[in-house]
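# A structural walkthrough
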Amino acid sequence: MELNKYEKSYYSQNGEDGIIQEILKRISLQTDFFVEFGVESGLQCNCRYLYENLWRGLMIEGNGDYYKQLRSYYNNVNIKTVNSFITKDNIVEIFKKNKVPIEFGLLSVDIDGNDYWVLKEILGIYTPFIIVSEFNAYYEPPIEWIMKYNSYHIWDGTSYFGSSLQSLTKLCNRFNYALVCTDSKGVNAFYVRRDLLNDNLIELAPSQAYHPARYYGHLNNGKYGHPYRDGEHTKE
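Residues numbered from 1 in each chain as written. Predicted model: local features only at pLDDT ≥ 70, side-chain atom pairs only at ≥ 80, totals over all residues. Heavy atoms only, no water.

## Points about the overall build of the protein
Quick note on the threshold: A helix here means a DSSP run of H or I that spans at least four residues, while a strand means a run of E at least two residues long, and both kinds are numbered starting from the N terminus. Note that the radius of gyration is over C-alpha atoms, with the globule rule given as 2.2 Å times the number of residues to the power 0.38. Each residue's exposure class comes from its accessible area (1.4 Å probe, protein chains only) as a fraction of the maximum for that residue type: buried when under 20%, exposed when over 50%, partly exposed otherwise.
Of the regular secondary structure elements, the protein holds seven helices and eleven strands. In terms of C-alpha radius of gyration, the protein reaches 16 Å, essentially the compact-globule figure of 18 Å for 236 residues. Overall, the C-alpha framework of the protein stretches about 50 × 45 × 35 Å when taken along its three principal axes. Across the 236 residues that make up the protein, the buried fraction comes to 53%.

Right, here's the structure in full:
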């Protein structure tokens, strides 16, 4: 969990800016392009730090009110903004329409629901160097848990969303990505393409990288986090 000591928030919510900054120092990137979806207004998100450091990118938001704010702030030639509700069936078409390169710097995924299924579609074609993806910390390793795909899903503020760290890591491993960190609040997991690993950046097992949810101060079934709700789920 060595990367956690670099957590720092310039524009991110849980110290992700500092972790991303440190990972970038340790790998050799040939691109400065990012994609982030589920950004809301874009004022607090995982890729604003990259934008402020002159990266180019694509930002996608499904909520119309948030999108108006997003478009207003990122009204320049370096950033494309798209207003679209994301599903596993439209994500690749959105990428193609907006000319996302097959290989690019960083992908950030946070849609509070079908994250696993959408990421799976992306990785079937695209090869970002770094992936930052929300996971469901309610389910500790080695539990495999994936919310059943529902193209109409809208998060209800409970623990019914996304996938466990074990399942998310299993998916990323399948596409040759290594887990290197989770933030200390148990929100996001960080993956790096295995060909970029080196002595200063090593692969961790989910049990080594896992942090429990620390983003709410009340207990649910003995655990911190969003109010617990069970629902249809699966594993692969």
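## Let's talk about the pattern of salt bridges
Pairing between side chains becomes possible if they bear opposite charge and their charged atoms approach one another. Counted only if it meets this: Salt bridges are defined by distance alone: a side-chain nitrogen of Lys or Arg within 4 Å of a carboxyl oxygen of Asp or Glu.
Under the definition given, this model contains 13 salt bridges. Between Glu-2 and Arg-26 there is a salt bridge whose closest N-O contact spans 2.7 Å. Of this pair, Glu-2 sits in the segment before α1 (16-26) while Arg-26 is found in helix α1, placing the two residues 24 residues apart along the sequence. Between Glu-22 and Arg-26 there is a salt bridge; the shortest N-O distance is 2.8 Å.

## Describing the side chain of Ser-84
As a reminder of what qualifies: Any pair of residues with heavy atoms lying within 4.5 Å of one another is described as a contacting pair.
Of note, Ser-84 is situated in the loop between β3 (79-83) and α4 (91-97). With a relative accessible area of 17%, Ser-84 lands in the buried category. If we skip the residues at most four places from it in the chain, Ser-84 touches Ile-60, Glu-61, Gly-62, Asn-90 and Ile-94.

## Looking at the packing of helix α5 (residues 115-123) against helix α6 (residues 165-174)
The line we're drawing: Helix axes are fitted only over the stretch in contact, all axes being lines through C-alpha atoms; the angle between N-to-C directions runs from 0 to 180 degrees. Note on terminology: angles under 35 degrees are roughly parallel, angles over 145 are roughly antiparallel, angles of 65 to 115 are roughly perpendicular, and the others are oblique. In the scheme used here, Gly and all other residues not listed as nonpolar or charged are polar, with Ala, Val, Leu, Ile, Met, Phe, Trp, Tyr, Cys and Pro taken as nonpolar and Asp, Glu, Lys and Arg as charged.
Look at α5 against α6: their axes get within 11 Å of each other, and the N-to-C directions meet at 5 degrees. Here α5 is positioned roughly parallel relative to α6, judged by the angle of their axes. Of α6, the residues touching α5 (which contributes Tyr-116, Leu-119 and Lys-120) are Ser-167, Leu-168, Leu-171, Cys-172 and Arg-174. Its residues assigned to classes, the contact of α5 with α6 shows five nonpolar, one polar and two charged.

## Considering α5
With seven of nine residues buried, α5 lies mostly within the body of the structure. Listed as buried for α5 are Asp-115, Tyr-116, Trp-117, Val-118, Leu-119, Ile-122 and Leu-123.

## Looking at the nonpolar core
Operational definition: Throughout this description, the term nonpolar core refers to a set of buried Ala, Val, Leu, Ile, Met, Phe, Trp, Tyr and Cys residues connected via side-chain atoms within 4.5 Å.
Grouped together as the largest cluster of nonpolar side chains are 38 residues, with contacts concentrated most on Phe-37 and Phe-95. Secondary-structure elements contributing two or more residues to this core are β1 (33-37), β2 (56-61), α4, β4 (106-109), α5, α6, β7 (177-182) and β8 (188-193). Considering each element in turn, this core owes the most residues, six residues, to α5. In contact with Phe-95, other than residues within four places in its own chain, are Val-35, Phe-37, Ile-60, Val-100, Phe-104, Leu-107, Ile-122 and Tyr-126. Formed by 29 residues, the second largest nonpolar core is a distinct cluster that contains Leu-24, Leu-50, Trp-55 and Cys-181.

## A few points about empty space enclosed by the protein
Quick note on the threshold: Cavities and pockets are found on a 1 Å grid laid over the protein atoms alone: a cavity is a set of points where a 1.4 Å probe fits but cannot escape, a pocket is an open set with protein on both sides within 12 Å along at least five of seven lines, and a lining residue has an atom within 4 Å of such a point. Grid points are joined across faces, edges and corners, and a volume is the space filled by probe spheres set on the points.
The tally for this structure, following the rule as stated, stands at one cavity of 30 Å³ or more. Counted as a void, the largest cavity has a volume near 40 Å³. Contributing to the lining of the largest cavity are ten residues, with Tyr-138, Ser-159, Tyr-215, Gly-225 and His-226 lying nearest its centre. A breakdown of the residues in the lining of the largest cavity according to their chemical character gives six nonpolar, four polar and no charged.

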